[in-house]
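# Overview (structure and organization)
Listed here are the chains, written in short residue letters.
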Amino acid sequence: NLIRTGICNGTDPAHPDYWGEIGDFDQRMVEMPAIALALYHRDCSLWKQLTEPEQYRVIQWLGQILRHRCADGNWQFFKVLTGKVIQKLGHEADQDAIDEAMQKIHACYIGGGWYRDSSRGRQDYYNPFAFHYYGLVYSVLEPEDPNSRIFRERAALHARDFLHFFAEDGANVPFGRSMIYRHAAAAFWAALLYAGVCPFEEGELKGLLNRNLRWW
């Protein structure tokens, strides 16, 4: 299918559609965990459609992220999630690089369910739809990891504040350094449900999500 073909071509250095080698602080790092998680999703159904050489090339391309520097805020989750999926697919990933990224994530936490996005100190929408979103996804990937319990507890705390950023009609406060990412503002509520973290009744979470989608 189209997605399978795109991934195979994009990770093949001999193909004209090759996505290329990445460098430090490379924007392509942002896409890597989404690709990795897609391969792992639903009992690795997409991954199993790839031939062994195709799988090898995908792992080689994704693995680049652990060899390069990236922003010291929520981007560290890109390393953690991509590296963990590589391991779960049966391949080696630099555990030291994953551990270092995890330490940087925890260094951003300031308490009460809030992170600062790197040394710049900004507390914006990257809290709900990056730090907590990725942390909740990680908690599903690695349910027994002590970090997962921490991420789930922090997300539940954040929910009690973030609740007040949504009006009765679903409108949300456009705070932060951008005009927000439209539906990403409410992605946090979906991530809570995905991870089975319910600081409120499930119906309340569903209402917050659906009203915001309808408002947009």
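Residues numbered from 1 in each chain as written. Predicted model: local features only at pLDDT ≥ 70, side-chain atom pairs only at ≥ 80, totals over all residues. Heavy atoms only, no water.

### Focus: the overall build of the protein chain
Regarding its fold elements, the protein chain presents nine helices and two strands. From first element to last, N terminus to C terminus, the protein chain shows the α and β order α-α-α-α-α-β-β-α-α-α-α. Here the C-alpha atoms of the protein chain give a radius of gyration of 18 Å, agreeing with the 17 Å that 2.2 N^0.38 yields for 216 residues. Dimensions of the protein chain, computed from C-alpha atoms along their principal axes, come out at roughly 55 × 35 × 35 Å. Here the protein chain holds 216 residues, and 50% of them are scored as buried. Contacts spanning at least 24 positions in sequence make up 63% of the contacts within the protein chain whose residues lie at least 6 apart. Summed over its atoms, the accessible surface of the protein chain is roughly 10900 Å², and 51% of this surface lies on carbon and sulfur atoms. (Helix = DSSP H or I, 4+ residues; strand = E, 2+ residues; numbered from the N terminus. Rg over C-alpha atoms; globule rule 2.2 N^0.38 Å. Buried < 20%, exposed > 50% of the residue type's maximum accessible area, 1.4 Å probe, protein only. Contact = heavy atoms within 4.5 Å. Areas by Shrake-Rupley, 256 points an atom, 1.4 Å probe, with all protein chains shown as cover.)

### With respect to the packing of helix α4 (residues 76-88) against helix α6 (residues 126-141)
Following both chains from N to C, one finds α4 and α6 inclined at 15 degrees, their axes separated by 10 Å at the closest point. As the angle between them shows, α4 and α6 are arranged roughly parallel. Remark: the crossing between α4 and α6 carries left-handed chirality. Of α6, the residues touching α4 (which contributes Phe 77, Phe 78, Val 80, Leu 81, Lys 84, Val 85 and Lys 88) are Phe 131, Tyr 134, Gly 135, Val 137, Tyr 138 and Leu 141. In the contact of α4 with α6, the residues fall into ten nonpolar, one polar and two charged. (Axes fitted to C-alpha atoms, helices over the stretch in contact; angles between N-to-C directions. Parallel < 35°, antiparallel > 145°, perpendicular 65-115°, else oblique. Left-handed = near helix turned anticlockwise from the far one by under 90°. Nonpolar A, V, L, I, M, F, W, Y, C, P; charged D, E, K, R; others polar.)

### Some points on helix α9 (residues 202-215)
Between its terminal C-alpha atoms α9 stretches 20 Å, which fits the 20 Å expected from 14 residues at 1.5 Å a residue. Within the sequence span of α9, burial applies to Leu 205, Gly 207, Leu 208, Leu 209 and Asn 212. Taken together, the buried residues of α9 touch α8 (187-195). (Expected span 1.5 Å × (residues − 1).)

### Quick look at the side chain of Ser 139
Turning to its location among the elements, Ser 139 is positioned in helix α6. A polar contact of 2.6 Å, which involves the side chain of Ser 139, links it to the backbone oxygen of Leu 136. Those residues in contact with Ser 139 that lie beyond four places of it in its chain are Ser 148, Arg 152 and Ala 195. (Polar contact = N/O pair within 3.5 Å; in protein donor to acceptor, adjacent residues only side chain to side chain.)

### What about the nonpolar core?
The biggest cluster of nonpolar side chains holds 67 residues, and the ones touching the most others in it are Leu 39, Trp 47, Leu 62, Leu 136, Phe 188, Trp 189 and Leu 192. Of the residues forming this core, the biggest block, nine residues, is contributed by α6. Setting aside chain neighbours within four positions, we find Phe 188 in contact with Pro 128, His 132, Leu 136, Ala 155, His 158, Ala 159 and Phe 162. (Core = buried A, V, L, I, M, F, W, Y, C linked by side-chain atoms within 4.5 Å.)

### Looking at the side chain of Asp 12
Locating Asp 12 in the fold gives a position in the loop between α1 (2-10) and α2 (32-44). The class for Asp 12 is buried, based on a relative accessible area of 18%. Apart from residues no more than four positions distant in its own chain, Asp 12 is found in contact with Tyr 18 and Arg 57.

### Some details on the pattern of salt bridges
When the charged atoms of two side chains lie near each other, side chains of opposite charge can form a pair. Using the criterion set out here, one finds eight salt bridges in the structure. Residues Arg 69 and Asp 24 are paired through a salt bridge, measuring 3.2 Å at the closest nitrogen-oxygen approach. Of the two residues, Arg 69 sits in the loop between α3 (52-62) and α4 while Asp 24 sits in the loop between α1 and α2, which places them 45 residues apart along the sequence. (Salt bridge = Lys/Arg side-chain N within 4 Å of Asp/Glu carboxyl O.)

### Notes on the environment of Met 32
Topologically, Met 32 is positioned in helix α2. For Met 32 and Trp 61, which are 29 residues apart along the polypeptide, the C-alpha to C-alpha distance reads 9.0 Å. Those residues in contact with Met 32 that sit more than four places away from it in its chain are Ile 22, Trp 61, Leu 62, Gln 64, Ile 65 and Thr 82.

### What about unusual backbone geometry?
Most peptide bonds take the trans configuration, and most residues that are not glycine carry a negative phi. Positive phi values are uncommon outside glycine, yet Arg 42 reaches one of about 55 degrees. Looking at the element boundaries, Arg 42 is found in helix α2. Unusually for a residue other than glycine, Asp 43 sits at a positive phi of about 60 degrees. In this fold, Asp 43 is placed in helix α2. Among the residues examined, Asp 43 registers a relative accessible area of 59% and is labelled exposed.

No statement about biological role is implied by the geometric values presented.
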